[in-house]
Structures are given as structure tokens and as C-alpha cells.
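Reading the structure
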Number of protein chains: 2
Amino acid sequence: MSVGGRDRRRLDAEPLTRAAFAPFGDVIGAGEEPGRIINDGRAVRFDDLAKVEVAADGGRPTIALFRTEPATLPVSVDALERHPLGSQAFVPLGGARFLVVVAPGATPIAREIRAFVTNGRQGINFHRGIWHHPLLALDRESEFVVIDRFGPGENLEWFELGDERLVVTLESGR
Amino acid sequence: MSVGGRDRRRLDAEPLTRAAFAPFGDVIGAGEEPGRIINDGRAVRFDDLAKVEVAADGGRPTIALFRTEPATLPVSVDALERHPLGSQAFVPLGGARFLVVVAPGATPIAREIRAFVTNGRQGINFHRGIWHHPLLALDRESEFVVIDRFGPGENLEWFELGDERLVVTLESGR
């Protein structure tokens, strides 16, 4: 795919795992660790799956819902955003897969951008200050519960990739 | 239904609405208020749906997942619990309905217990210190994302209803 005459780099999303995603945040999923039995044996609780960090500069945790259209593959990634004052978690309510595009470090470097695809049962939590692409749901319109920061201060930064723009797809093409 | 020779009172769950549930907590659902358009028009964000209050005595917010078997109707309610140090939110990941059983005040009074049934797209947030029954999912085994408090201190109290035990069902019987 070309951008002003240049070919966009193509990045295949890799399956999301806790180990691979650890530099960027948490995977919110049941069953990777043993749970704790509660409610007289009728339920299992998987505890403390995400590092929620929202207290900087007078922030507090908040719960929101996002309803989003699905992205079409391949997805053009032209820019990334980050929230310098807080973490941000997304958990899908209807089993939809989504793409997670992230970059390490203080300034995104195109060659270091990583793309992951969830399995439909996973949520994620971006750690405070991690560069990421806005939500990219797949499959269908879907809702996500979002746990992030509410409070004063400027909590959104934006980085344009310019000539380093890329496209993200799945190796399978699905 | 009898308890030691006494009939248990039968309480029909009422449909969950924000107004009816306001004395106990928040309804986490999209679409009751207009959302805010984000992500270049591809998503709508419904903000600040729950009062997350977890900071008492050194607490911090945490995200967990519960996997629970469904309850069988009618549900016997023998006791209630509360978390004096924090709020607790439940959002179903697979569209399951659940029963929400609550009592106002500092000590539960059986006649004041209320029961609500969600519509499958609603989550709830119990405000700090509200007496409630542990999670009662309906329909099928399901997972819930839970946002509550992690930290020091005793954050669980239990109240046995004794002779005032009751059963909760749905008027429709379904």
C-alpha cells in the first residue's frame, strides 16, 4: 500500500499473550493463573489482573463504555496517542477480537511498533504513558468497558507517524 | 417455601433502572445518556458511569474477572454482605442477566430488601458500604469484569437474615 508514492510497511499482528505484552501493559483474561473459589463454590475469582494507575495530579478511577464500529483489515496506522497521567483498560463485552497497536519508549519509533490481536476473551490495560493506537475492534460493532482516569490536567498526547505510517493486518488475512 | 416451618417471603425482582437503583449504586449501561463521539466518528464514549470509591485506608482500584455458575430460580437469600472500604462494580462479558439484591441503611431490614434483574446489557456498581447479595448470574455460566478495592484492612462484613430469609424470583418465572 503506498503513501505519497512510498510503500507502507505491513505489520502482521501477533497473538496477544501476557509475556509479549508485558512491556506495554496487562492482559485481562481468566484462566492463565489459577483462580480463587468464592461464593460457596459457585464462582472463581481471578484477582488483580491490571495495574490501574490513575491518581496522578488529582485523578480518580472512572468506568466508561465505548461502542465502536469494527475496523476493516488491513488497518492504516497513521498516528499513536498516549495518556501521560493514567492507565487505560479495555474489556470487550460481546466477545469481539480487537487489535492492539503499541510502541515502547518516550517517542514512537516506527520500526519498534508492535501489533497484537486478542482472542475475543481477552481485555487489555495500557500502562500509564504507553503509546498506542485508539481502539480497533474487529468482527462487528461491539461494546467495551473502559477503566481509566477522570481528573484535571492534559491527559492526551498525539504522535503522527508521517512517512513511517504503516498498515496492520493478520497473517491469516482474517 | 418454608424455613423451619415458616414461609419464606417471596420477592419479585423488578427491572433495573438508574432511578430505582440510585440509592444503592450505579447502573453501567450505554445509551441512557447521549454519548460523546470519538475516534474520528467510529466510536461513542459513555463517560463516568460509576462512582469508583476505593481509596480509603490505603486502598487502590483493581480489575478482576469472576467466572460464575448461574443461580437457579427461585434464589434463596439467606445473608447479605458489604464492603465497608470500597465500591464494587460488575459488568457481564457475555450478555448474561443477573439478579441484584440490596438493602439500604447500616443494618439490613428484611422488609426493605430490594431485588432487581438486569437486561443482559447492564452492569452495576455497588456504592461503598451498601449491603448486597453475592453475584447471582442467570441464564448460563458467565464471566464478569469486576472493579473493586485492593488494599489493607477488613473489607467484608456479613449479615445473616435468620428467620427473615427470603426467596427472590422473577414475576414471569423466567
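Refer to the structure presented above.
These notes cover the structure that comes with them. All values derive from a computational prediction rather than experimental measurement.

Between chain A and chain B, which share one sequence, the superposing operator has a rotation angle of 180° and an axial displacement of 0.0 Å; the RMSD is 0.0 Å. Accordingly, the operation relating the two chain copies is best matched by a two-fold axis. Within chain A, Leu93(A) has its C-alpha nearest the rotation axis, a separation of 2.1 Å. Same-surface contact between copies: 98% of interface residues of chain A are shared with the interface of chain B.

Let us look at the pairing of strand β11 (residues 98–103) of chain B. Residues and elements named next belong to chain B. Buried residues dominate β11, accounting for six of its six residues. With two bridges connecting them, β11 and strand β15 (residues 136–137) associate as antiparallel partners. When the bridges of β15 are listed, Leu-99 appears paired with Leu-136. The pairing of β11 with strand β14 (residues 131–132) spans two bridges and is classified as antiparallel. Each bridged residue has a counterpart across the sheet, and for Ala-103 the counterpart in β14 is Trp-131.

This part is about the sheet that holds strand β4 (residues 25–28) of chain A. Pairing in this open sheet of seven strands is antiparallel, and the strands run β4(A)-β13(A)-β10(A)-β16(A)-β7(A)-β6(B)-β5(B) from one edge to the other. The strands lining the two open edges of the sheet, one partner per strand, are β4 of chain A together with β5 (36–38) of chain B. Pairs of neighbouring strands in the sheet enclose a mean axial angle of 25°, with direction left out of account. In this sheet, strand β13 (residues 123–126) of chain A lies alongside strand β10 (residues 88–92) of chain A in antiparallel orientation, the contact comprising three bridges. Paired with Gln88(A) across the two strands is Phe126(A), which belongs to β13(A).

Basis of the calculations
- Along each chain, numbering runs from 1 in the same order as the chain's sequence is written.
- By the order in which they are written, chains take letters starting at A while ligands take numbers starting at 1.
- It should be noted that, the model being predicted, local features are given only for residues of pLDDT at least 70 and side-chain atom pairs only at 80 or more, the latter also being counted only at that level, while totals for whole chains, interfaces and linings use all residues.
- The side-chain figures draw on all heavy atoms in the structure; neither hydrogens nor water molecules are used.
- Least squares is the method used to superpose the copies, on C-alpha atoms of residues holding a pLDDT of at least 70 in both.
- Contacts were defined at the residue level, with two residues in contact if any of their heavy atoms lie within 4.5 Å.
- Think of it in three bands: residues with accessible area under 20% of the maximum for their type are buried, residues over 50% are exposed, and the middle band is partly exposed, with areas taken using a 1.4 Å probe on protein chains only.
- To qualify as a helix, a DSSP run of H or I must reach at least 4 residues; to qualify as a strand, a run of E must reach at least 2; elements of each kind are numbered from the N terminus.
- Two strands make a pair as long as DSSP finds a minimum of two bridges between them.
- Angular values range over 0 to 180 degrees, each being the angle between N-to-C directions of two axes fitted as lines to C-alpha atoms, with helices fitted over their stretch in contact.

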